[in-house]
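# A structural walkthrough
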Amino acid sequence: MSFSPDVSITLTRYAEPNWLFLETLESLAQQKNIRAHAFVLDQQNNEEIRTFCQQHSSDSIYLDYQVIPAKSLSYARNEAIRQCQTDLLFYIDTDAVAEPNWAQRLYAEMTKTQAAIAGGKIIPKWHKSPGLLQKSRFVLDQYSMLNLGDTTFKVKKVIGANFAINKTLLGDLAHFDEELGRQNGKLLGGEETQLCSDANDNGLDVIYVGSAAVQHQVMPERVSFKWISKRIYYGGYSRALRGGKPEPSNGSEKLGGWDYFALVLLMPFYVWGYSQAKMSKS
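The sections below set out a description of the structure shown in this document.

## Regarding unusual backbone geometry
Peptide bonds are mostly trans, and most non-glycine residues show a negative phi. A positive phi angle, near 55 degrees, is found at Asn33, a position not held by glycine. As for its position among the elements, Asn33 is in the loop between helix H1 (18-29) and strand S2 (36-42). Phi is positive for Gln114, close to 55 degrees, though the residue is something other than glycine. For Gln114, the location among the structural elements is in the loop between helix H4 (102-113) and strand S6 (117-126). The partly exposed category is assigned to Gln114, whose relative accessible area is 47%.

Structure (C-alpha cells):
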C-alpha cells in the first residue's frame, strides 16, 4: 500500500448476494476526505468481488480483498482487529450503504472526543413496505436501526451495522466473543453490546455520532412475521449466552403503544430462546 491510512474499515460477507455486497463496497470506494485501508473479508471466494476491489482501490481508499474461513461474524471482526495497523477501526455491515462522509465524520468525532467506541445513525432502506409490527421501535431494534438525531453524545451501547472502535484505547478489551454473533445461519447477536458493557465497566466512553450515517437495507423476507419471530428467538438466546436477566428492549426510549403490541406477540419467542440457551448451558 502506497499511502498511510487515517483509519481502517472492515466488512465481511457470509452468504449475501454479490449485488448487495457491491453496493456497500461502492459506498466505501466513494468516501470523501479520508484515507482508509478497508479489509474486505469474504467468507466465500468470488472473482467478481475480487476484481471490483482491484479496480476501485484508489490513493485514498484501499479495498483489500481477502478470503477467510466461513466461521462467524465475530471471528471476522476479530480477524480485522488482528490485522488492523491504525488506532481506529470502523465496522459496517454488508447490507449497509454508507453516506460519502460517513468515515470522515466518525474519524473527526472519535478524534475529538477520544471515545473508545462510537456508533453512527442507521436508517432503513425498505425493499418491501413495512407492516404494522415495524411501527414498533422494539421491532426496529431487530433490524439494527438507530436514529437518535444528528448530534454527538455519550450512550451505553451502539449497534453493529455502523460502529467504530479505538483499538489502542480498548487494549485487551478489543475482542468479540465468538460464541456470540451470527454464525451458520443462526441470528445470534450481542457481541458489540458485550464490548460496550466491558468498555463502560472500565471507565471508557461510548458515543453516538448522528452525522455518520448509513442506510441499512431490509430485504422483503425480513418484513415477515416468520423472520421477526426467529430474530426475537435468537435475541433471547444471545442474552442468555451473555448472562444476566432477560432484556428484550434496549431501554433507550420509553415504550409506546406499538411496542406493547409487538411485545405481546413476540415475547414468547424471546422467552423460548432464552430458556433454550439456559438449558443448553446447564
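Now that the structure is up, let's keep going.
## A short note on helix H7 (residues 191-201)
Glu191, Glu192, Thr193, Leu195, Cys196 and Ala199 are the residues of H7 that are buried. Looking one or two residues past H7, Gly203 carries a phi angle of roughly 75 degrees, positive in sign.

## Some remarks on the nonpolar core
Core analysis: the largest hydrophobic core is formed by 75 residues, its most contacted members being Ile9, Leu25, Phe90, Ile92, Trp102, Ile117 and Ile165. Considering every element that reaches this core, the biggest residue donor is strand S9 (residues 206-218), with seven residues. Leave out the neighbours within four places in its chain, and Leu25 touches Leu11, Val40, Ile49, Phe52 and Cys53. The next biggest cluster of nonpolar side chains, apart from the first, holds six residues, and it includes Tyr233, Tyr237, Tyr274 and Ala277.

## Let's talk about a nonpolar patch on the surface
On the surface, a cluster of nonpolar side chains totalling about 460 Å² of accessible area is made up of Leu132, Phe225, Trp258, Phe261 and Leu265. Ranked by residues supplied to the nonpolar patch, first place goes to helix H9 (residues 257-281) with three residues.

## Re helix H2 (residues 47-56)
Buried within H2 we find Ile49, Phe52 and Cys53. End-on, the buried residues of H2 take up no more than an arc of 95 degrees, which puts them together on one face. Exposed and oriented more than 90 degrees from the buried face of H2 are Glu47, Gln54 and Gln55. Looking at the buried positions of H2, the neighbouring elements they touch are strand S1 (7-13), H1, S2 and strand S3 (61-67). Sitting at the amino-terminal end of H2 is Asn46, which places a side-chain oxygen 3.1 Å from the backbone nitrogen of Glu48.

Cut-offs applied
- Residues numbered from 1 in each chain as written.
- Predicted model: local features only at pLDDT ≥ 70, side-chain atom pairs only at ≥ 80, totals over all residues.
- Heavy atoms only, no water.
- Helix = DSSP H or I, 4+ residues; strand = E, 2+ residues; numbered from the N terminus.
- Buried < 20%, exposed > 50% of the residue type's maximum accessible area, 1.4 Å probe, protein only.
- Core = buried A, V, L, I, M, F, W, Y, C linked by side-chain atoms within 4.5 Å.
- Contact = heavy atoms within 4.5 Å.
- Patch = residues over 30% accessible without salt bridge, like charges linked within 9 Å, V, L, I, M, F, W, Y side chains within 5 Å.
- Areas by Shrake-Rupley, 256 points an atom, 1.4 Å probe, with all protein chains shown as cover.
- Salt bridge = Lys/Arg side-chain N within 4 Å of Asp/Glu carboxyl O.
- Arc of directions from axis to C-beta.
- Polar contact = N/O pair within 3.5 Å; in protein donor to acceptor, adjacent residues only side chain to side chain.

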